[in-house]
Amino acid sequence: MTDLSARQLRAFLALADLQNFTRAATACHLSQPAFSALVRALEDAVGTRLFDRSTRSVRPTAAGRLFEPAARRLLADMESALGDLADHARLASGRVHVAALPSLAAGWLPAVFAEFRAAWPGVALELSDLLSDPCVELVRRGRADFALAAGGLRADDAAVLQALPLFSEHCHLVCRADHPLAAARRLSLKALAPWPFIHLARHSSVRQALEAALHPQPMNTVLEVEQLATVAGMVEAGLGISVVPGLSLYQFQSPQLVRRRLALPQLHRQMVLVRRRDESLSPAAQALHDRVVQGLKALGMGGV
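Once a new chain begins, its residue numbering starts again from 1 and follows that chain's sequence as written. Residues qualify for local features only when their pLDDT is at least 70, as the model is predicted, and side-chain atom pairs are given and counted only at 80 or more; totals for whole chains, interfaces and linings, by contrast, use all residues. Neither water nor hydrogens contribute to the side-chain values; these are computed over all heavy atoms in the structure.

1. Thoughts on the overall build of the protein
Alright, step 1. What counts as a helix is a DSSP run of H or I of at least four residues, what counts as a strand is a run of E of at least two, and both are numbered from the N terminus. Looking only at helices and strands, one finds 11 helices and 11 strands in the protein.
Alright, step 2. Put simply, the radius of gyration uses C-alpha atoms, and a globule should come to 2.2 Å times the residue count raised to 0.38. Computed over C-alpha atoms, the radius of gyration of the protein comes to 32 Å, more than 25% over the 19 Å expected from 2.2 N^0.38 for 304 residues, which places it beyond the range of a compact globule.
Alright, step 3. Principal-axis analysis of the C-alpha atoms places the extent of the protein at approximately 105 × 40 × 30 Å.
Alright, step 4. When accessible area is computed with a 1.4 Å probe and restricted to protein chains, residues below 20% of their type maximum are described as buried, those above 50% as exposed, and intermediate ones as partly exposed. Looking at the protein as a whole, 42% of its 304 residues qualify as buried.
Alright, step 5. Within the protein, contacts between residues at least 6 apart in sequence are counted, and of these 72% link residues at least 24 apart.
Alright, step 6. Total accessible area on the protein stands at roughly 15800 Å², and carbon and sulfur atoms take up 54% of it. Residue contacts are defined here by distance: any two heavy atoms, one from each residue, within 4.5 Å place the two residues in contact. A 1.4 Å probe and the Shrake-Rupley method give the accessible areas. Residues count as covered only by the protein chains that appear here.

2. Some remarks on the state of the cysteines
In a disulfide, the sulfur atoms of two cysteines are covalently bonded to one another.
Alright, step 1. In this description, the term disulfide denotes a pair of cysteine sulfurs within 2.5 Å. Applying the stated criterion across every chain yields a total of zero disulfides.
Alright, step 2. We note that cysteine 135 lacks a disulfide partner, and the nearest cysteine sulfur, in cysteine 171, lies 17 Å from it.
Alright, step 3. With a relative accessible area of 0%, cysteine 135 lands in the buried category.

3. Quick look at the packing of aromatic side chains
Alright, step 1. Geometry of aromatic contacts follows a simple scheme: Phe, Tyr and Trp rings, the Trp one being its six-membered ring, pair when their centres are within 6.5 Å, and the pair is stacked under 30 degrees between planes, edge-to-face over 60, tilted otherwise. Counted under the stated rule, the structure contains four aromatic pairs.
Alright, step 2. Between phenylalanine 12 and phenylalanine 51 the ring centres are 5.3 Å apart and the planes differ by 50°, which places this aromatic pair in the tilted class. Here the residue phenylalanine 12 occupies a position in helix α1 (residues 6-18), and phenylalanine 51 occupies one in strand β1 (residues 51-53), the gap between them amounting to 39 residues.
Alright, step 3. Taking 5.9 Å as the distance between ring centres and 85° as the angle between the ring planes, the aromatic pair formed by phenylalanine 21 and phenylalanine 35 counts as edge-to-face. Taken as a pair, phenylalanine 21 in helix α2 (residues 21-27) and phenylalanine 35 in helix α3 (residues 32-46) lie far apart in primary sequence, 14 residues in all. Phenylalanine 35 carries the same exposure label as phenylalanine 21, and that label is buried.
Alright, step 4. What links up through ring pairs into an aromatic cluster is the set Phe12, Phe51 and Phe67.

4. Describing the layout of surface pockets
Alright, step 1. In this model, the largest pocket occupies a volume close to 330 Å³.
Alright, step 2. Site definitions follow a grid-based scheme: protein atoms alone, a 1 Å grid, a 1.4 Å probe that fits but cannot get out for cavities, and for pockets an open set with protein on both sides within 12 Å along at least five of seven lines, plus lining residues having an atom within 4 Å of a point. In terms of lining, the largest pocket is formed by 21 residues, of which the most central are Pro102, Ser103, Leu131, Glu226 and Leu228.
Alright, step 3. Elements with a minimum of two residues in the lining of the largest pocket: α5 (102-107), α9 (205-214) and α10 (228-236).
Alright, step 4. Element by element, the count of residues in the lining of the largest pocket is highest for α5, at three residues. Grid points are joined across faces, edges and corners, and a volume is the space filled by probe spheres set on the points.

5. Quick look at helix α6 (residues 109-119)
Alright, step 1. For α6, the full list of buried residues reads Leu109, Val112, Phe113 and Phe116. Along the axis of α6, the buried positions cluster into a sector of 100°, meaning they face one direction only. This arc is taken over the directions from the axis of the helix to the C-beta atoms.

6. Observations regarding the nonpolar core
Alright, step 1. Residues grouped as a nonpolar core are buried Ala, Val, Leu, Ile, Met, Phe, Trp, Tyr and Cys residues, joined through side-chain atoms within 4.5 Å. If you look at the biggest cluster of nonpolar residues, it comprises 31 residues, and the most contacted ones within it are Leu173, Leu210, Val231, Val243, Phe252 and Leu262.
Alright, step 2. Within the residue set of this core, elements represented by two or more residues are β6 (161-176), α8 (189-192), β7 (197-200), α9, α10 and β9 (242-245).
Alright, step 3. Every residue in contact with leucine 210, bar those within four places of it in the chain, is listed here: Leu189, Phe197, His199, Met219, Val243 and Leu267.
Alright, step 4. One finds Val98, Leu101, Leu104 and Leu109 within the second-largest nonpolar core, a separate group that totals 29 residues.

In structure tokens, the structure reads:
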């Protein structure tokens, strides 16, 4: 297979267009001997003469005329590829796919996405707002660049994935303002257990932490729902109480609701950033990754 360089293609096309060695060498910013050597090297590489030379003129041979359109396509493709790579490196283009917990995706991440888009409008952003396990699965399969999830990794993921701890998030009780727990002096797990409870789905990290902390004591579950907005509506309607992560409190701002932090070591979750181990991020993904890490670590230090 013949190796052709962009310099050889530019020299060939300059000579085909100008049909004069001196002018073509000047157009390529080369001395005439260096230019002539470049054209000869190209002819040696393709195994045929591309130009008929005389003391009075230079004209493409039949092979040269046949090669010319292909040479233009090859050079255009090379320059396009190099241009795309340069755009990618300076964040003028690219795509970043982030998987994130819904509490982060709806509450904190939009402002980060808006800042990133304003700085680099050519980069396309993709977001999957899912619970922790599906978020991690997207990274595991190479579908997402990184994920914002809760908890640790499975033992069999350690060789493929890495989890960067960001901060620990406390959970909060939400109940109606007229509920007895709203004014209780001390909140404990035993105090919560008897009350009608609106549960998040069984596969949510908060639900798993709550059940593990209360085991083997049963809870008085009246509803199990998928969405935090649904939890808020049901609690506000007086159907029960719930426990939700701190990052989701923006969904519970109704004056009819009370939000109380549960200072219980059993009810906190570690927020982590998950990415593939030993695999570089694209420049665009790395830039967003760095903004997210910086912002979330600051958010955690603020006592969420």
